[in-house]
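# An overview of the molecular structure
What follows is each chain in one-letter form.
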Amino acid sequence: MKKLTPQQCIILTGFTGILHGEFEWFHEDLEKRLGREVQTSELGFPEFMQECRGLYEEDFNNLMPD
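For every chain, the first residue of the written sequence is number 1, and numbering continues from 1 onward in sequence order. Per-residue local features of the predicted model are confined to residues with pLDDT of at least 70, and side-chain atom pairs are confined, for both listing and counting, to 80 or more; whole-chain, interface and lining totals are unaffected and use all residues. Side-chain measures were taken over the full set of non-hydrogen atoms in the model, leaving aside hydrogen atoms and water.

With an unreviewed UniProt entry as reference, the protein chain is termed DUF7736 domain-containing protein, source organism Rahnella woolbedingensis.

This is how it looks when you write it as structure tokens:
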């Protein structure tokens, strides 16, 4: 079994809403994707998490090779 890379952890966290790896990795990446600062309290809103899911969907779908 191979360990997940930090990038894989970030993608899984963004798509599923379940933390994989370090929170700091995800938080930094999410801010880059949104182009703004993200308050941790925002992560408690389902609408915001749905928006996040969309930001990571393509990367999530590309995690598994064809």
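## A look at the pattern of salt bridges
Oppositely charged side chains may form a pair once their charged atoms are brought near each other. Heads up, the rule is: The term salt bridge refers to a pairing of a side-chain nitrogen on Lys or Arg with a carboxyl oxygen on Asp or Glu at a separation within 4 Å. For helices the rule is a DSSP run of H or I covering at least 4 residues; for strands it is a run of E covering at least 2, with both sets numbered from the N terminus onward. Partly exposed describes any residue whose relative accessible area lies between the buried limit of under 20% and the exposed limit of over 50%, with all areas from a 1.4 Å probe on protein chains only and scaled to the type maximum.
This structure, assessed with the given rule, holds four salt bridges. Here Lys 32 makes a salt bridge to Glu 28, at a shortest N to O gap of 3.4 Å. Highlighted residues: Lys 32 and Glu 28, both in helix 2 (residues 23-34), separated by four residues, approximately one helical turn. Overall, the relative accessible area of 46% leaves Glu 28 in the partly exposed class. Measuring nitrogen to oxygen at the nearest pair gives 2.8 Å for the salt bridge that ties Asp 59 to Arg 33. Placement of Asp 59 in helix 3 (residues 46-61) and of Arg 33 in helix 2 is noted, with a sequence separation of 26 residues between them. Each member of the salt-bridge network shares a partner with another, and the members are Asp 29, Arg 33 and Asp 59.

## What to know about the environment of Pro 6
Note that Pro 6 resides in helix 1 (residues 6-16). Spatially, the C-alpha atoms of Pro 6 and Asn 62 are 15 Å apart, while their sequence positions differ by 56 residues.

## Brief notes about the nonpolar core
Formally: By convention a nonpolar core is built from buried Ala, Val, Leu, Ile, Met, Phe, Trp, Tyr and Cys residues, the set being connected through side-chain atoms within 4.5 Å. Any two residues whose heavy atoms approach within 4.5 Å at even a single point are treated as in contact.
Counting residues in each nonpolar core, the largest one holds nine residues, listed as Ile 10, Ile 11, Phe 15, Phe 26, Leu 30, Val 38, Phe 48, Cys 52 and Tyr 56. Among the elements of the structure, helix 1, helix 2 and helix 3 are those that each provide at least two residues to this core. Apart from residues lying up to four places away in sequence, Ile 10 is in contact with Trp 25, Phe 26, Asp 29 and Tyr 56.

## Brief notes about the packing of helix 2 against helix 3
Worth spelling out the cut-off: Structural elements are reduced to axes, namely lines fitted to C-alpha atoms, with helices fitted over the stretch in contact, and the angle between N-to-C directions of any two is expressed from 0 to 180 degrees. Convention used here: angles under 35 degrees read as roughly parallel, angles over 145 as roughly antiparallel, angles from 65 to 115 as roughly perpendicular, and any remaining angle as oblique. All residues other than Ala, Val, Leu, Ile, Met, Phe, Trp, Tyr, Cys, Pro, Asp, Glu, Lys and Arg, Gly among them, are scored as polar; the first ten of these are nonpolar and the last four charged.
Here helix 2 crosses helix 3 at 90°, and the two axes come no closer than 11 Å. In this view, helix 2 runs roughly perpendicular relative to helix 3, as classed from their interaxial angle. Note on element contacts: helix 3 touches helix 2 through Phe 48, Glu 51, Cys 52, Leu 55, Tyr 56 and Asp 59, opposite Phe 26, Asp 29, Leu 30, Arg 33 and Leu 34. Looking at side-chain class alone, the contact of helix 2 with helix 3 contains seven nonpolar, no polar and four charged residues.

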